[in-house]
Amino acid sequence: MEEELKQQFDEMGVEPADSVLGRCAELAITYNIHDATEFVEQWMAFSLSHLHGEDPAIENLGDFERKVLQLRKDKACSKTTGQTVKSYGSPSVQDTNSLATYGVMEDDPMLDDYVSESAVDSSALHTPKAKKESVRSSNLKGGVLFSPASYTPQSAKRKAGLETPSNSVAGKPGDIVDTFGHPKLLAGSSWQSQMEHTVPVTQKLLHNEASLTIANLGYMNDLLTDRCHNLRVRFDQTGPALVDKKLGQAGAAECIWYPQDRQVLQSAGGLHALGMIHSEDDGPLDAHSAFMAVLDDDVEDEMDPTLTLNFSRVKSASIFPGQVVLAKGFIPRGKTFMVEEIHTERKLTPATPLQIDRKLQFVVASGPFTDSTDLFYEPLHDLLKYLKDHRPDVLVLTGPFLDADHKMVGELAETFDTFFEKMIGGIMEAIGSHTAVLVVTSQKDAMALSVYPTPPPTLRRTYPNLYMLPDPSLVDLDGLTLGVTSTDVVDHLLSHEFAVNAGERMHRAINHLFHQGSFYPLYPPADEDMAYDSQLALKYAQLKQLPNVLILPSDQRHFVRLVNDCLVINPGRVANKKGGTFARFLVAPSVPGKPANMFNSVACQVQRI
């Protein structure tokens with residue numbers, strides 16, 4: 001536990017003493033906090049609220065225990081004894097969420113500003129429907145930016161009796177549900193651009209000096225032989241890098257390798273193998289379904305290149321289909337490889353140091369942008385209202401914008417392209433001309449080409465500050481490198497990986513992308529409906545260098561992580577039955593005399609819509 005806590009504190013730029021780490025581990029065990037990330041996030045929130053960002057020490061850990069951990073424990077006990085919520089304004093907070101409590105008393109108004117997505121007794125929450133709808137209606141009547149044309153007047157209306165997300169949300173609009181960054185930047189930010197200056201945008205994910213567009217797109221020609229060749233290219237790019245990181249050139253020459261050294265297969269250990277992980281049924285991995293395809297040019301074509309993997313001896317592992325790995329172990333008999341160690345990390349190319357000369361304000365929001373029961377796009381209107389009051393330098397929007405699976409999309413009395421153009425026009429009218437708007441559509445969009453990587457749709461009207469980007473994209477924003485995708489690769493990885501003592505889930509999922517050098521390293525794709533084109537992915541989905549900031553929208557709970565000095569953000573979904581969220585963050589120039597890292601230069605919050 002101490003090692004995990006040390007790692008999480010290091011990511012926050014904090015270096016506590018060994019005695020402090022020991023005390024933190026004791027508190028985590030005493031109060032049943034098994035996730036080091038959760039403990040550190042609660043400490044950082046408490047430190048920011050009460051100690052002006054001080055580092056943990058034996059003295060202030062006592063206050064932290066009394067005001068946060070013990071308070072949370074008391075609330076959990078009162079919950080089990082039958083205490084119920086009596087009003088919407090003071091929901092009961094359970095201990096299942098990090099950042100759920102921040103060491104403030106129950107009657108402190110700050111509690112409402114920091115309550116996370118806590119489990120709430122929904123039977124006690126009764127939002128007045130008539131009042132809520134009237135507020136929504138007045139807002140929409142005051143300025144409808146776009147509305148769908150439909151075949152019947154009733155096609156976009158909610159069906160009677162259907163509960164909408166607004167009736168089951170824990171918390172209220174404007175709540176901050178996640179916070180990360182330097183305390184001084186967080187405290188001093190107005191979350192609004194201070195200059196009317198459009199940020200230049202340059203696409204960096206190129207092939208033959210061109211980004212992915214419909215004009216240079218060629219797909220539906222992904223032959224099986226081409227797929228095999230492209231997988232081999234991935235193997236040749238990643239495999240040697242894993243060996244170099246773990247063994248080095250001299251160490252690799254002294255090792256026993258499979259299948260070259262077949263005469264020593266019965267050795268008691270020390271056998272190395274380099275290969276790609278696959279699943280027997282092309283589904284999620286478990287301890288009995290993983291095998292490894294070992295590739296080597298010196299092996300005869302008729303030899304079976306696969307090994308069944310046995311993880312009964314391994315202490316730590318995290319693997320998924322399509323991953324290139326370096327394994328160490330032995331083969332007791334047949335084609336079973338007893339794994340003792342498995343290595344997945346290579347030397348990473350660090351991000352280009354920040355070269356910005358002023359603070360940049362960002363807002364990031366991910367679709368869907370309308371509720372699943374209608375096409376009113378009320379959550380999007382709420383987001384635009386926020387953007388009118390807080391003009392950021394850069395707005396990043398990721399799809400889907402018009403989900404092809406939406407139950408009412410077939411009732412539109414206009415083309416998908418026309419509807420999307422109206423939506424973009426309404427967004428640009430609300431945003432103005434000084435905010436750079438980056439739009440990344442999704443292959444799930446009805447108006448987009450159903451292929452991954454996905455080219456951006458073309459618009460009849462152009463805007464000087466609008467940038468239609470492919471999925472995925474890597475762009476330079478006035479000295480800051482931003483990576484973004486609209487595909488839920490985090491959820492795909494976590495649902496298909498096999499992990500044993502591999503650390504915090506989000507941290508390792510992000511590291512999978514970095515060390516495999518790809519925005520989507522799974523193969524075959526986790527989503528059966530995903531039209532994955534291996535040739536396009538080899539050209540337009542590689543992640544050869546770390547960005548400064550990486551946007552990974554996901555159905556997983558919103559998060560902010562600093563991984564290998566890269567700020568990684570999942571802003572959540574704008575339309576969500578548990579309450580929509582978006583992210584806002586600022587990046588400041590490096591301060592002379594302080595370490596040039598992202599923690600000292602960023603402040604980020606996830607806010608409820």
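Residues numbered from 1 in each chain as written. Predicted model: local features only at pLDDT ≥ 70, side-chain atom pairs only at ≥ 80, totals over all residues. Heavy atoms only, no water.

1. Some words on the packing of aromatic side chains
Scanning the model with the defined rule gives 15 aromatic pairs in all. Ring geometry for Phe39 and Phe64: centres 5.6 Å apart, planes at 85°, overall edge-to-face. With Phe39 in helix α3 (residues 36-50) and Phe64 in helix α4 (residues 58-80), the pair connects residues that are 25 residues apart, well separated along the chain. We note that Phe39, like Phe64, is buried. Consider the rings of Phe46 and Phe64, whose centres lie 5.5 Å apart with planes at 55°: the pair is tilted. (Phe/Tyr/Trp six-rings, centres within 6.5 Å; stacked < 30°, edge-to-face > 60°. Helix = DSSP H or I, 4+ residues; strand = E, 2+ residues; numbered from the N terminus. Buried < 20%, exposed > 50% of the residue type's maximum accessible area, 1.4 Å probe, protein only.)

2. Looking at the nonpolar core
One finds Leu438, Leu477 and Leu567 to be the most contacted residues of the largest nonpolar core, which totals 57 residues. When residues are assigned to domains, this core turns out to be shared by domain 1 (1-67) and domain 2 (175-202 + 360-472 + 573-608), each giving three or more. Those residues in contact with Leu438 that lie beyond four places of it in its chain are Val201, Val394, Leu395, Val396, Leu397, Tyr467, Leu469, Val475, Leu477 and Leu482. (Core = buried A, V, L, I, M, F, W, Y, C linked by side-chain atoms within 4.5 Å. Domains from an automatic or database assignment. Contact = heavy atoms within 4.5 Å.)

3. What to know about helix α8 (residues 224-246)
Between the first and last C-alpha of α8 there are 33 Å, a value that for 23 residues agrees with the 33 Å anticipated at 1.5 Å per step. Asn230, Leu231, Arg234, Phe235, Thr238, Gly239, Leu242 and Val243 are the residues of α8 that are buried. Where α8 ends, the next residue or the one after it, Gly248, has phi of about 80°, a positive value. (Expected span 1.5 Å × (residues − 1).)

4. Notes on the pattern of salt bridges
Throughout the structure, instances matching the rule amount to 17 salt bridges. Taking the shortest distance from any N to any O, the salt bridge between Glu65 and Arg23 comes out at 3.1 Å. Here Arg23 lies in helix α2 (residues 18-30) and Glu65 lies in helix α4, a separation of 42 residues in the sequence. In this structure, Arg460 engages Glu421 in a salt bridge whose closest nitrogen and oxygen atoms are separated by 3.8 Å. Within this pair, whereas Arg460 is found in the loop between β12 (436-440) and β13 (466-469), its partner Glu421 is found in helix α11 (residues 416-431), the two being separated by 39 residues in sequence. One continuous salt-bridge network, built from bridges that share partners, spans Arg23, Glu26 and Glu65. (Salt bridge = Lys/Arg side-chain N within 4 Å of Asp/Glu carboxyl O.)

5. Examining the environment of Pro183
Its location among the elements puts Pro183 in helix α7 (residues 183-188). For Pro183, a relative accessible area of 18% puts it in the buried group. Considering only alpha carbons, one finds Pro183 and Val602, 419 residues apart in sequence, at a separation of 9.6 Å. Excluding anything up to four places from it in sequence, Pro183 contacts Leu48 and Gly53.

6. Some details on the confidence of the model for the chain
With 83% of its residues at a pLDDT of at least 70, the chain reaches an overall mean of 84. The model gives residues 152-156 a pLDDT under 50, and that stretch makes ten contacts with residues more than four places away or in other chains. In the model, residues 159-167 has pLDDT below 50 throughout and makes ten contacts with residues more than four positions away in sequence or in other chains. (pLDDT = per-residue confidence, 0-100.)

7. Things to note about unusual backbone geometry
The residue after Asp471, namely Pro472, is reached through a cis peptide bond having omega 5°. With respect to the helices, strands and loops of the structure, Pro472 is situated in the loop between β13 and β14 (473-477). Backbone torsion omega between Tyr523 and Pro524 reads -5°, so that peptide bond is classified as cis. Structurally, the position occupied by Pro524 is in the loop between α13 (505-516) and α14 (534-540). Here the phi dihedral of Tyr377 falls at roughly 60°; this positive angle occurs in a residue that is not glycine. Among the secondary structure elements, Tyr377 is positioned in the loop between β10 (360-366) and α10 (378-389). Notably, Asp478 is not glycine yet its phi reads approximately 55°, a positive angle. By the element assignment, Asp478 lies in the loop between β14 and β15 (480-484). Judged by its relative accessible area of 26%, Asp478 falls in the partly exposed class.

8. Focus: the pairing of strand β9 (residues 336-343)
Two elements, strand β6 (residues 306-310) and β9, share three bridges in a ladder whose sense is parallel. Its bridge partner being in β9, Thr308 is matched across the sheet by Thr336. Where strand β8 (residues 324-330) and β9 come together, five bridges link them in antiparallel fashion. Within the sheet, the bridge partner assigned to Gly329 lies in β9 and is Val339. Between β8 and β9, which pair antiparallel one after the other, the connecting turn spans five residues, and Gly334 there sits at a positive phi close to 60°. (Pairing = 2+ DSSP bridges.)

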